[in-house]
Structure formats: C-alpha cells, structure tokens
Amino acid sequence: VTVANVVGRVRFNSNQVQIESMKGTLGGGTLTASGGALLDGFSLSKFAISVHGNDVTVPLPPGFRTTTDGDLEVKGTLRDPWITGTLNLRHVEYTQDIELADLINRRHDATLSESGTESLLAQAHIDIRAEGRNALFVRNNIADLVASVSLRLSGEYDNPIISGRITATSGTLTFRNDRYELARGLVELPFRPNADPV
C-alpha cells in the first residue's frame with residue numbers, strides 16, 4: 001500500500017508541527033490529511049492526524065480487494081497510539097477458492113501484523129467501523145453472492161476483535177455438487193476474542 005503524488009504544506013515551530021494541507025493518491029482514489037503533533041526535541045510527544053479517503057482501492061484484508069470512502073484519526077502518543085474511524089464500503093470482492101475442510105479447521109492464528117518489530121502500528125489500539133450495503137461480492141468455487149456488511153474492528157492492532165454481522169441478500173452456493181439458491185444468509189461475529197462465527 002503506497003501513497004503517491006503527495007502535495008502539501010507542513011509548518012514547524014519550536015515545539016510543534018502542523019499539517020496545513022496535504023493530499024495524495026492511493027489505489028486510484030484520493031487521500032487528504034490534516035492535524036499535527038507536539039514535539040519534545042526531535043521526538044513526537046503527542047499527535048492527532050485526520051485522514052479522509054475517497055474512492056480508495058486497497059488489497060485489504062488479505063485476499064480481498066476493497067474500494068472504500070472513509071475517515072480515520074490517528075492520535076495519542078508513541079506509547080499509546082489510537083486509530084479510530086469509519087469506512088463506508090463501496091465494493092469488496094473476494095475471488096479466492098475455498099476448501100471447506102481448511103475453513104472448518106482454521107483457528108484464529110493470523111494477525112494483521114506479521115513482523116515482530118516495534119512500530120507505531122504494532123502498538124496501536126484500534127476502533128474502526130465498516131459499513132456497506134450490498135457491498136460484499138464473493139465469487140469463487142463455492143459461492144456467487146452479494147452481502148451487506150456491518151462490522152467493528154477493535155482492540156490491539158496485531159490481534160483485533162472483528163465483530164458484527166454479514167447479511168447475504170442473494171446468490172448461489174455450491175456444496176457437494178448441489179447448487180442452492182440463496183434467499184438470505186446471516187453470519188454473526190460475536191464481540192469476544194477468538195469467538196467462532198454463528
């Protein structure tokens with residue numbers, strides 16, 4: 001994920017840095033940022049930065065292709081950073097084939113952070129809501145369906161809790177060579193660590 005074509009104005013004084021304006025492109029969409037930070041010598045002591053995205057497409061979460069608008073705020077200190085905000089999902093697509101045995105036996109081992117390095121993201125607390133009406137499209141070996149999404153991503157960045165619901169509104173499912181027309185499907189993700197979906 002790379003932000004390109006960044007143009008902006010940043011103002012420094014003896015103990016703070018202020019983003020007066022900043023704009024860039026990401027995944028065919030635009031990002032704008034504002035905010036600033038207090039400085040303690042050459043270190044950040046406190047910061048608050050707001051980022052607005054419009055029609056941004058990113059390969060997140062892994063295996064998906066997501067186009068979204070959204071507002072995020074990164075704030076706090078280097079020891080206690082927070083990422084909060086809302087994503088308005090336009091189009092989320094999942095096209096990888098699924099082996100049902102692997103899906104059933106999978107446990108919650110994966111994390112958002114693969115490296116062991118200490119970074120701002122690795123220490124961050126997150127609270128992000130993602131909403132999208134008929135925005136999720138699954139097209140693979142077992143499903144061709146459309147669903148609405150209402151999810152909350154919260155907790156520690158490298159081991160978050162994903163809670164909420166996914167409501168399938170139309171489509172087909174293939175199971176053991178039989179094809180099923182989907183009238184409605186609901187997946188509930190409980191708000192607790194390592195909870196199995198219902």
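All values reported here derive from a predicted model rather than from experimental measurement. (Residues numbered from 1 in each chain as written. Predicted model: local features only at pLDDT ≥ 70, side-chain atom pairs only at ≥ 80, totals over all residues. Heavy atoms only, no water.)

Some points on unusual backbone geometry
- In this model, Leu60 is joined to Pro61 through a cis peptide bond whose omega is -10°.
- With respect to the element layout, Pro61 can be found in the loop between strand S4 (43-58) and strand S5 (64-76).
- Even without glycine at this site, Asn5 takes up a positive phi of about 55°.
- With respect to the helices and strands, Asn5 occurs in strand S1 (residues 4-12).
- A positive phi angle, close to 50°, is found at Asn134, a residue other than glycine.
- With respect to the helices, strands and loops of the structure, Asn134 is situated in strand S7 (residues 125-139).
- Judged by relative accessible area, which is 33%, Asn134 ranks as partly exposed. (Helix = DSSP H or I, 4+ residues; strand = E, 2+ residues; numbered from the N terminus. Buried < 20%, exposed > 50% of the residue type's maximum accessible area, 1.4 Å probe, protein only.)

Let's talk about the environment of His91
- Tracing the backbone through its elements, the reader meets His91 in strand S6 (residues 81-94).
- Beyond its immediate sequence surroundings of up to four residues, His91 is in contact with Arg65, Thr66, Thr67, Ala135 and Phe137. (Contact = heavy atoms within 4.5 Å.)

Quick look at the pattern of salt bridges
- Tallied over the full model, the rule gives ten salt bridges.
- Across the pair Arg90 and Asp55 runs a salt bridge whose closest N-O atoms are separated by 3.1 Å. Residue Arg90 is found in strand S6, and its partner Asp55 is found in strand S4; the two are separated by 35 residues along the sequence.
- Residue class for Asp55 comes out partly exposed when judged on its relative accessible area of 30%.
- Salt-bridge contacts for Glu73 lead to Lys75; the nearest nitrogen and oxygen are separated by 3.9 Å.
- Of the residues examined, Glu73 reaches a relative accessible area of 27% and is grouped as partly exposed.
- Via salt bridges that share partners, Arg9, Arg11 and Glu20 belong to a single interconnected network. (Salt bridge = Lys/Arg side-chain N within 4 Å of Asp/Glu carboxyl O.)

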